[in-house]
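Examination of the molecular architecture
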Amino acid sequence: QVQLVESGGGLVQAGGSLRLSCEASGRTFSSYGMGWFRQAPGKEREFVATINWSGGTTDYANSVKGRFTISRDNAQNTAYLQMNSLKPEDTAVYYCAARWRGRSRSEDEYDYWGQGTQVTVSS
């Protein structure tokens, strides 16, 4: 079992930055690929970024590429999403998720989910 807790959301002006954290319980965090997803009001949840178990490979949605950076610190059992140059359309609840070993864009391939953290970007 892996329990995930997100933090770091909040209200920020367009052009600003936020860093989301996803802290995992358990001793096997380093065995899991991690993903970030988001869900805006009235929309389906969508893929944002993913990183494999070692942090060696990453993948991003086109809408955030060049602005967001996913990373992880296995010693701290924590994954991060650094979000720069935020836009109002980035407003959503952001979720982190874990799956065994590899990275994936598909939310169906993730086994564990956090409760989400709200990010609001004002224009």
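Preceding this paragraph is the structure being described.
What comes next is a walk through the structure. These figures come from a predicted structure and were not determined experimentally.

Tallied over the full model, the rule gives 1 disulfide. Two residues share a disulfide in this structure: Cys22 and Cys96, whose sulfurs sit 2.0 Å from each other. Residues Cys22 and Cys96 are joined through a disulfide that is right-handed, its torsion about the S-S bond being 60 degrees. Of this pair, Cys22 sits in strand 3 (residues 18-24) while Cys96 sits in strand 9 (residues 92-100), and the two are 74 residues apart along the sequence. Exposure remark for Cys22: the relative accessible area of 0% places this residue in the buried category. What makes Cys96 buried here is its relative accessible area of 0%.

Counting residues in each nonpolar core, the largest one holds 33 residues, and the members touching the most others are Trp36, Leu81, Met83 and Tyr94. Only strand 3, strand 4 (32-39), strand 5 (46-51), strand 7 (68-73), strand 8 (78-83), strand 9 and strand 11 (117-122) provide two or more residues apiece to this core. Tallying contributions element by element places strand 9 first for this core, with 5 residues. Residues contacting Tyr94, with those up to four places away along its chain left out, are Glu6, Leu20, Trp36, Phe37, Arg38, Val48, Phe68, Leu81, Met83, Gly116, Thr117 and Val119.

Pairing in this open sheet of 4 strands is antiparallel, and the strands run 1-3-8-7 from one edge to the other. On the outer flanks of this sheet lie strand 1 (4-7) and strand 7, each paired with one strand and no other. Strand-to-strand twist in this sheet, taken as the mean axis angle between neighbours without regard to direction, amounts to 15 degrees. Where strand 7 and strand 8 come together, 6 bridges link them in antiparallel fashion. Along strand 8, the bridge assignment pairs Thr69 with Gln82.

Our focus in this paragraph is the packing of aromatic side chains. Both the distance between ring centres and the angle between the ring planes are used here to describe each pair of aromatic rings. On inspection of all chains with the given rule, the structure shows 6 aromatic pairs. Ring geometry for Phe37 versus Tyr110: centroids 5.3 Å apart, planes at 80 degrees, classification edge-to-face. Separated by 73 residues along the polypeptide, Phe37 in strand 4 and Tyr110 in the loop between strand 9 and strand 10 (112-113) bring together distant segments of the chain. Judged on exposure class, the residue Phe37 and its partner Tyr110 are both buried. Taking the ring centre of Tyr95 as reference, the NZ or CZ of Arg45 above it sits at 5.1 Å. Over the ring of Trp53 we find Arg101, and its NZ or CZ is 4.2 Å from the ring centre.

Parameters at a glance
Residues numbered from 1 in each chain as written. Predicted model: local features only at pLDDT ≥ 70, side-chain atom pairs only at ≥ 80, totals over all residues. Heavy atoms only, no water. Disulfide = S-S within 2.5 Å. Helix = DSSP H or I, 4+ residues; strand = E, 2+ residues; numbered from the N terminus. Buried < 20%, exposed > 50% of the residue type's maximum accessible area, 1.4 Å probe, protein only. Core = buried A, V, L, I, M, F, W, Y, C linked by side-chain atoms within 4.5 Å. Contact = heavy atoms within 4.5 Å. Pairing = 2+ DSSP bridges. Axes fitted to C-alpha atoms, helices over the stretch in contact; angles between N-to-C directions. Phe/Tyr/Trp six-rings, centres within 6.5 Å; stacked < 30°, edge-to-face > 60°. Lys NZ or Arg CZ within 6 Å of the ring centre and 35° of its normal.

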